[in-house]
Amino acid sequence: MENLIEYLRRRATSTFMVAYSIFWAMWHWEGIYTTLFTSQEYIMSQYGMLKNEYVARFFFGFSNIQGIFWPSLAWRILGFIIPALLAYLYVWWLPKFVTNPAYKREANYKIDRRIIKNEAELRLSNSERKKTEAKTKETTAKIESVKKEEEMKMLSPEEEWAVDFDRATLSNRTSFTVDALSALKETIYDYGGWIISEETRHIDGDELMFCDTNGLIKFYEKNTLRIEITEKGRYFLRQIMDVFVSGEES
């Protein structure tokens, strides 16, 4: 634990010193530039002084304090204090109040973007899954339809008629089916298949359409006002009569 504390202390001190050195060099850039890049001959010709004397007098020196103007001395002292304050703000204050909150905000922003991306990918995945399920259901329905058609092909005519009869009588239009078959029986056996006789209609349009679309009747070739019953129609009438007879007996 002590080694860790010592390491952190050295690390903080090292960072502070680097920051202080940079700010100090920025504050004293004129003196550094003069020391490194201004020639001795130029300073001697302009000020009649050696370079080290010139730099010490105007930038860094404290050897002859009595000869330094007090505002200039204060400015030189600030040249060491202000870089230290700037280094302190940079090392401790800036991360605490600026850098770390900004990094935290940026990290949260990246997390939010990742969440939004994941949600979008999830919605896309769900959409694709639903499409796949819909296609699967459609394919399954087609397969079932083909199977039923194949099964229907294997049935005898009466077995097919029985399926159609159950479909017609077990639906929510059972009473309509009974009325249509009753009208069909009356038209065929009482009026010789004439739909209209003596301006009286014996079977209305809906009932006639039901019988025609289910293959229970067929029209005479030269007379659309007269019908004849098919074998399937006779089967339907037998079935409906059996239902009535069994209902009366019970």
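Every residue gets a number counted from 1 within its own chain, in the order that chain's sequence is written. Per-residue local features are limited, in this predicted model, to residues with pLDDT of at least 70; the limit for side-chain atom pairs, both in listing and counting, is 80 or more; totals at the level of whole chains, interfaces and linings are taken over all residues. Excluding hydrogens and water, the side-chain values take into account all heavy atoms of the structure.

**Brief notes about the packing of aromatic side chains**
Okay, so step 1: Within 6.5 Å between ring centres, the rings of Phe, Tyr and Trp (the latter by its six-membered ring) count as paired, and their orientation is classed by plane angle as stacked under 30 degrees, edge-to-face over 60, tilted in between. As enumerated under the stated definition, the model contains eight aromatic pairs in all.
Okay, so step 2: Taking the centre distance of 5.2 Å and the plane angle of 40° together, the rings of tyrosine 33 and phenylalanine 37 count as tilted. In this pair, tyrosine 33 and phenylalanine 37 are both assigned in helix H2 (residues 29–37), four residues apart and thus about one turn of the helix distant.
Okay, so step 3: Overall, the relative accessible area of 60% leaves phenylalanine 37 in the exposed class.
Okay, so step 4: Between tryptophan 93 and phenylalanine 97, the ring centres sit 5.5 Å apart and the planes meet at 35°, which makes this aromatic pair tilted. You can see tryptophan 93 and its partner phenylalanine 97 sitting in helix H5 (residues 70–154), four residues apart, about one turn around the helix. Only DSSP runs of H or I reaching four residues or more are called helices, and only runs of E reaching two or more are called strands; each is numbered from the N terminus. A simple rule labels every residue: compare its accessible area, found with a 1.4 Å probe on the protein chains alone, to the largest value its type can have, and call it buried under 20%, exposed over 50%, or partly exposed in between.

**Details of helix H8 (residues 205–213)**
Okay, so step 1: The set of residues buried in H8 consists of Glu207, Leu208, Phe210 and Cys211. Looking straight down H8, one finds its buried side chains confined to an arc of 160°; they lie on one side. Of the exposed residues in H8, those oriented more than 90 degrees away from the buried face are Met209 and Thr213.
Okay, so step 2: Positive backbone phi, approximately 75°, marks glycine 215, located one or two places after H8. Here, the arc refers to the directions that run from the helix axis to the C-beta atoms.

**Brief notes about the environment of alanine 87**
Okay, so step 1: With respect to the helices and strands, the residue alanine 87 is situated in helix H5.
Okay, so step 2: Residue classification places alanine 87 among the buried positions, given a relative accessible area of 0%.
Okay, so step 3: Separated by 63 residues in the primary sequence, alanine 87 and tryptophan 24 place their C-alpha atoms 9.2 Å from one another.
Okay, so step 4: Contact between two residues is taken to exist if any of their heavy atoms lie within 4.5 Å; hydrogens are not considered. Contact partners of alanine 87, with chain neighbours within four places excluded, come to Phe16, Ala19, Tyr20 and Phe23.

**Some points on the pattern of salt bridges**
Okay, so step 1: One side-chain nitrogen of Lys or Arg within 4 Å of one carboxyl oxygen of Asp or Glu is enough to make a salt bridge. One pass over the structure, following the stated rule, counts six salt bridges.
Okay, so step 2: Glutamate 106 is the partner of lysine 110 in a salt bridge, and the nearest nitrogen-oxygen pair spans 3.7 Å. Within this pair, lysine 110 and its partner glutamate 106 are both found in helix H5, separated by four residues, close to a single helical turn.
Okay, so step 3: Residue classification places glutamate 106 among the partly exposed positions, given a relative accessible area of 42%.
Okay, so step 4: A salt bridge links lysine 218 to glutamate 228, with the nearest nitrogen and oxygen atoms 4.0 Å apart. Placement of the pair is lysine 218 in strand E3 (residues 217–220) and glutamate 228 in strand E4 (residues 223–229), with a sequence separation of 10 residues.
Okay, so step 5: For lysine 218, a relative accessible area of 44% puts it in the partly exposed group.
Okay, so step 6: We classify glutamate 228 as partly exposed; its relative accessible area is 29%.

**A closer look at the confidence of the model for the chain**
Okay, so step 1: For every residue, the predictor assigns a confidence score, pLDDT, that lies between 0 and 100. Predicted confidence across the chain gives a mean pLDDT of 78, with 81% of residues reaching 70 or more.
Okay, so step 2: When pLDDT is averaged over each helix and strand of the chain, the minimum, 72, is found for helix H1 (residues 2–27) and the maximum, 87, for H8.

**Considerations on the environment of methionine 209**
Okay, so step 1: Its location among the elements puts methionine 209 in helix H8.
Okay, so step 2: Taking C-alpha positions, methionine 209 is 9.4 Å from alanine 180, a pair spaced 29 residues apart along the chain.

**Section: the packing of helix H6 (residues 157–169) against helix H7 (residues 174–190)**
Okay, so step 1: Here, axes are lines fitted to C-alpha atoms. For helices the fit covers the stretch in contact, and angles between N-to-C directions go from 0 to 180 degrees. Contact geometry of H6 with H7 gives a least axis separation of 7 Å together with a crossing angle of 120°. In this view, H6 runs oblique relative to H7, as classed from their interaxial angle. Where H6 abuts H7, its residues Phe165, Ala168 and Thr169 lie against Thr174, Thr177 and Leu181. Oblique is the label for any angle not under 35 degrees, not over 145, and not in the 65 to 115 range, which are roughly parallel, roughly antiparallel and roughly perpendicular in turn.

**Brief notes about a nonpolar patch on the surface**
Okay, so step 1: For patch detection, residues must exceed 30% relative accessible area and be free of salt bridges, and they are connected within 9 Å for like charges or within 5 Å for nonpolar side chains (Val, Leu, Ile, Met, Phe, Trp, Tyr). Here the Shrake-Rupley method, with its probe set to 1.4 Å, supplies the accessible areas, and only the displayed protein chains count as covering residues. Together, Leu86, Tyr88, Leu89, Trp92, Trp93, Phe97 and Val98 make up a nonpolar patch on the protein surface, roughly 680 Å² of accessible area in all.
Okay, so step 2: If you trace the backbone, valine 98 turns up in helix H5.
Okay, so step 3: Residue classification places valine 98 among the partly exposed positions, given a relative accessible area of 39%.

**Brief notes about the environment of tryptophan 161**
Okay, so step 1: Structurally, tryptophan 161 can be placed in helix H6.
Okay, so step 2: As for tryptophan 161 and asparagine 214, which are separated by 53 residues in sequence, their C-alpha atoms are 9.5 Å apart.

**Concerning the side chain of lysine 232**
Okay, so step 1: Considering the arrangement of structural elements, one finds lysine 232 in helix H9 (residues 231–249).
Okay, so step 2: Given a relative accessible area of 12%, lysine 232 falls into the buried group.
Okay, so step 3: Sequence-distant contacts of lysine 232, that is, excluding residues within four places in its chain, are made with Trp161, Asp164, Asn214, Gly215 and Leu216.

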